[in-house]
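Analysis of the macromolecular model
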Amino acid sequence: MNKDLLSALEVTSGSTLKEALAKLERSGCGILTLVGEGRRFERTITDGDLRRLILEGSALTDRLDLLQAIKSHTASEGMSRRDALELMNRHAIHSLPVIGVDGVVVDVIFRRDIDEQVLLSTPHIGDAEREFVEQAFLTNWIAPLGPNVDAFETELCTFVGSAHGAAVSSGTAAIHLGLRLLGVGPGDRVFCSTLTFAASANPIVYQGAEPVFIDSEMSSWNMCPTALERAFAIAASEGWSPKAVIVVNLYGQSADMDPIREICSSYDVPILEDAAESLGATYKGRHSGTIGKIGIYSFNGNKIITTSGGGMLISDDREIVDRARFLATQARDPAPYYQHSEVGYNYRMSNILAGVGRGQLHVLKSRVERRRRIFDQYREGLAGLQSLEWMPEPEWSFSNRWLTTATISADAAISSTELIQRLASELIEARPVWKPMHLQPVFAGTRYFTAGNSSVSDDLFERGICLPSSSNMTSSQLDRVIDTIKRIFT
Ligand SMILES: *Cc1c(COP(=O)(O)O)cnc(C)c1O
């Protein structure tokens, strides 16, 4: 709040009731500050206070020294948004004068200006979605099948350049189907990126198999080819081989697929590409998710595009995708009655949600541009902070920058954990980088391979931070996050 506005709210005990009412009316802030000698703050005055004076018989020409001295609620300089809101909530008030060290009002905080929360990654729906959904209603195609599902599969496959796709109820379901189709079963082992969300690895356990985790490399944060090579070599020396390798493309960026593919094909082991976070990103010009034998996408609410919940399994192998559809619809045999020769799942996407997906596909390109722009603005706005290092984008990568992520140098004044807490107290949602799977209690005792003596993913987890990156965040919200981070560091 600027000096002019502050003085527009200021009255003294010598001011008349009429003057005070006029100031209240002009400022429209619903609050005045009564100041004494040296402009030191004495109390706040609301229109209720003035109304009561008049009801008690005061005249408009009477002076404000009729008001009783009370102790008004105030904030101190630097009070966090959360603390200020808590104070206002506790006392059912909507504004707080901020008092500087010399007792003078330096600012007034209004609830409506500070109660806005900036979230990490929110759904961002456009206009086209409604038409597709409406079409589903009009034609009564409400089933987990239908024209939107078929069209969504075709349209997404065209976009990424894959031959076939099966729309399913979640990214997790797509991974589960993918593993089953790669023949993963009880007693098998599956290599999986350690730095990821648990949904990458859980389906390994659904299949009765055992996950073996592989470390990241610093240059992409994704699976380290050297660590993978080492894991294969050690496995071979022990006389076993994994049934599949799940390569995760983290935070919108592809892993370095060429060397990974070379290693996997030399051992004749298929790759399942978990591109849940990286739809719209490319690796050497090819779409993320299309490089492994099977790729999967997620359309969960926080992802770059959403169907509120959903996923897709893609592959150039028609047989795999046909089998995925078959298993996802309860594995019904082509018979005149309900006959099943295998155990299936209820994993298909509904025709309504596929309508949302079709609309979202129209805006995918602009969502990627927006998220990349948000990343650039963070990088430009925080260029002065030496302690922040952004997630790199190797020359072979075009990231969708699903989340803007960075690490904080170990010798910085503040750790990532502290920064996340400080941002939370300013109603800004930041998160740590995914906790690696080999550190998860649920996967305690599983094997883990690094390239050398140190674990890159442990380091990224300890020092990493994900910043608010919603494609529909406003530029003033983005500025607020940038300014708050600057303030916390200096
Ligand atoms: C979101 C996510 C998934 C799971 O997708 P859902 O649609 O939520 O089941 C899998 N892997 C990664 C890396 C993810 O971020």
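Residues numbered from 1 in each chain as written. Predicted model: local features only at pLDDT ≥ 70, side-chain atom pairs only at ≥ 80, totals over all residues. Heavy atoms only, no water.

Definition in use: UniProt positions are given in the numbering used here, feature names are shortened, and annotations may be inferred rather than shown by experiment.
In the nomenclature of an unreviewed UniProt entry, the protein chain corresponds to Aminotransferase from the organism Rhizobium wuzhouense. In UniProt, the protein chain has this text filed under Sequence similarities (unreviewed entry): "Belongs to the DegT/DnrJ/EryC1 family."

**Let's talk about the site of the ligand**
Applied cut-off: One heavy atom suffices: a residue is near a molecule or strand as soon as one of its heavy atoms comes within 4 Å of it. By the criterion applied in these results, polar contacts are pairs of N or O atoms within 3.5 Å in which, for protein atoms, one can donate a hydrogen and the other can accept it, and in which residues neighboring in sequence qualify only through two side-chain atoms. The nonpolar class holds Ala, Val, Leu, Ile, Met, Phe, Trp, Tyr, Cys and Pro. Asp, Glu, Lys and Arg form the charged class, and all remaining residues, Gly among them, are polar.
Taken together, 16 residues are adjacent to the ligand, and Gly-171, Thr-172, Glu-277, Ser-298 and Lys-303 come closest. Within the side chain of Asp-274, one N or O atom sits 2.8 Å away from a nitrogen atom of the ligand. A distance of 2.5 Å is found between an oxygen atom of the ligand and a side-chain nitrogen or oxygen belonging to Glu-277. The residue inventory of the shell around the ligand, partitioned by class, reads 5 nonpolar, 8 polar and 3 charged.

**Some details on the side chain of Asn-222**
Rules: Helical segments are the DSSP runs of H or I of at least four residues, strand segments are the runs of E of at least two, and each set is numbered from the N terminus. Whether a residue is buried, partly exposed or exposed follows from its accessible area with a 1.4 Å probe, protein chains only, as a fraction of its type maximum: under 20%, in between, or over 50%, in that order. We call two residues in contact when some of their heavy atoms are within 4.5 Å.
Structurally, Asn-222 is set in the loop between strand 9 (210-214) and helix 10 (225-237). Taking the relative accessible area as the measure of exposure, Asn-222 reaches 1% and is therefore buried. From its side chain, Asn-222 meets the backbone oxygen of Gln-253 in a polar contact 2.8 Å long. Sequence-distant contacts of Asn-222, that is, excluding residues within four places in its chain, are made with Asp-215, Ser-216, Glu-217, Val-248, Asn-249, Leu-250, Gln-253, Ser-254 and Ala-255.

**Remarks on the pattern of salt bridges**
So the rule is basically this: Here, a salt bridge means any side-chain nitrogen of Lys or Arg that lies within 4 Å of a carboxyl oxygen of Asp or Glu.
This model, assessed by the stated rule, comprises 22 salt bridges. The partner of Arg-447 in a salt bridge is Glu-238, and the shortest N-O contact between them spans 2.8 Å. Separated by 209 residues along the polypeptide, Arg-447 in the loop between helix 14 (416-425) and strand 19 (448-449) and Glu-238 in the loop between helix 10 and strand 10 (244-248) bring together distant segments of the chain. On the basis of relative accessibility, which here comes to 42%, the residue Glu-238 falls in the partly exposed class. Across the salt bridge formed by Asp-459 and Arg-463, the nearest N and O atoms sit 2.8 Å from each other. Residue Asp-459 and its partner Arg-463 are both found in helix 15 (residues 456-463); the two are separated by 4 residues, about one turn of the helix. A network of salt bridges, in which partner residues are shared, links Glu-153, Arg-318, Asp-322, Arg-325 and Arg-348.

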